[in-house]
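Residue-level structure breakdown
Listed below are the residues making up each chain.
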Amino acid sequence: NSNSELIRQAVAANENTPGEVLAGFMTTESLWPDIAYNPSTPVHILVQLYKDHSWNNSSIKIALAKNKSTPKDILSSISEFSTDGYVQIAAALNPSADPEIKRNIAKKGRYEARHVLSYSDTPPDILEILSIDPEENIRNNVAENHNTSSEVLERMAVSDSSELVQFYAKLN
């Protein structure tokens, strides 16, 4: 029985699985995260998973946040209202994420999500927000990030409260 469940999970996560098959899997709760993660899942099913099942299931929220096909309004809502750092990280790293999602996470996201943004390939305007983060290691990452603007680095090099941040800002 566990082998058949693993096979069904693999089919539900497979991008080549037709939408009709994925729709048929919606009766099996254990498959919902795999369906939510599959970028080939029809939008109406992603919307259904979000509306009916995501609020009490962090696996579905994370899967929807990772899925590049998740509608932008759902991705925005998940990242804004979730207090789960893993959900915020998934939303921040989603290639389809609107820049406003990353901005909101940089301003008020959980530490883990702000940390990932500080060292990943993040746009300069978001790194500027993170350059004044209360956490020193996030500011260190911003100072070392190749996308940080020269203006922000110059400010950090002279006015950051941490000598280590100042040092890294001068090096970059």
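Residues numbered from 1 in each chain as written. Predicted model: local features only at pLDDT ≥ 70, side-chain atom pairs only at ≥ 80, totals over all residues. Heavy atoms only, no water.

Along its length, the chain carries 13 helices and zero strands. Going from N to C terminus, the chain has its helices and strands arranged as α-α-α-α-α-α-α-α-α-α-α-α-α. Along the first, second and third principal axes, the C-alpha atoms of the chain reach 60 × 30 × 25 Å. Expressed as a percentage of its 172 residues, the buried residues of the chain come to 47%. For the chain, the accessible surface area stands at approximately 9,000 Å², while carbon and sulfur atoms represent 51% of it. If you average the places of the 15 positive and of the 23 negative side-chain charges in the chain, the two averages end up 2 Å apart. (Helix = DSSP H or I, 4+ residues; strand = E, 2+ residues; numbered from the N terminus. Buried < 20%, exposed > 50% of the residue type's maximum accessible area, 1.4 Å probe, protein only. Areas by Shrake-Rupley, 256 points an atom, 1.4 Å probe, with all protein chains shown as cover. Lys, Arg positive; Asp, Glu negative; His and termini not counted. Charge placed at Lys NZ, Arg CZ, Asp CG, Glu CD.)

Let us look at the pattern of salt bridges. Opposite charge on two side chains makes pairing possible when the charged atoms of those side chains draw close. In the structure shown here, the tally under the stated rule is five salt bridges. Notably, a salt bridge pairs E100 with R103, separated by 2.7 Å at the nearest N-O pair. A residue pair is termed a helical-turn pair when its members lie 3 or 4 positions apart in one helix, as E100 and R103 do in helix α8 (residues 99-108) at three residues. Between R103 and D125 there is a salt bridge, and its shortest N-O distance comes to 2.9 Å. Here R103 is found in helix α8, whereas its partner D125 is found in helix α10 (residues 124-130), with 22 residues between them in sequence. Classification of R103 as partly exposed rests on a relative accessible area of 23%. (Salt bridge = Lys/Arg side-chain N within 4 Å of Asp/Glu carboxyl O.)

Positionally, T28 belongs in the loop between α2 (19-24) and α3 (32-37). The buried category is assigned to T28, whose relative accessible area is 18%. Within the structure, the side chain of T28 is placed 2.6 Å from the side chain of R8, a separation counted as a polar contact. (Polar contact = N/O pair within 3.5 Å; in protein donor to acceptor, adjacent residues only side chain to side chain.)

Let us look at the environment of H115. Following the sequence through the fold, H115 ends up in helix α9 (residues 111-119). Measuring from C-alpha to C-alpha, the distance between H115 and D73 comes to 24 Å, with 42 residues separating the pair along the chain.

Right, let's talk about helix α11 (residues 136-144) for a bit. Of all the positions in α11, only I138, R139, N140, N141, V142 and A143 are classed as buried. Those residues of α11 hidden inside the fold are in contact with α9, α10, α12 (150-159) and α13 (163-171). (Contact = heavy atoms within 4.5 Å.)

Right, let's get into the packing of aromatic side chains. Given two aromatic rings, their pairing is described by the distance between the two centres and the angle made by the two planes. For the structure on display, the rule yields one aromatic pair. An angle of 65° between the planes, with centres 5.6 Å apart, marks the rings of F167 and Y168 as edge-to-face. A relative accessible area of 47% places F167 in the partly exposed class. (Phe/Tyr/Trp six-rings, centres within 6.5 Å; stacked < 30°, edge-to-face > 60°.)

Here we come to the packing of α11 against α13. In the contact formed by α11 and α13, the axes pass within 8 Å of each other and the chain directions differ by 10°. In terms of their interaxial angle, α11 and α13 are classed as roughly parallel. Packed against α11, whose contacting residues are E136, R139, N140, A143 and E144, the element α13 presents L164, V165, Y168 and A169 at the interface. Residues that form the contact of α11 with α13 fall into these classes: five nonpolar, one polar and three charged. (Axes fitted to C-alpha atoms, helices over the stretch in contact; angles between N-to-C directions. Parallel < 35°, antiparallel > 145°, perpendicular 65-115°, else oblique. Nonpolar A, V, L, I, M, F, W, Y, C, P; charged D, E, K, R; others polar.)

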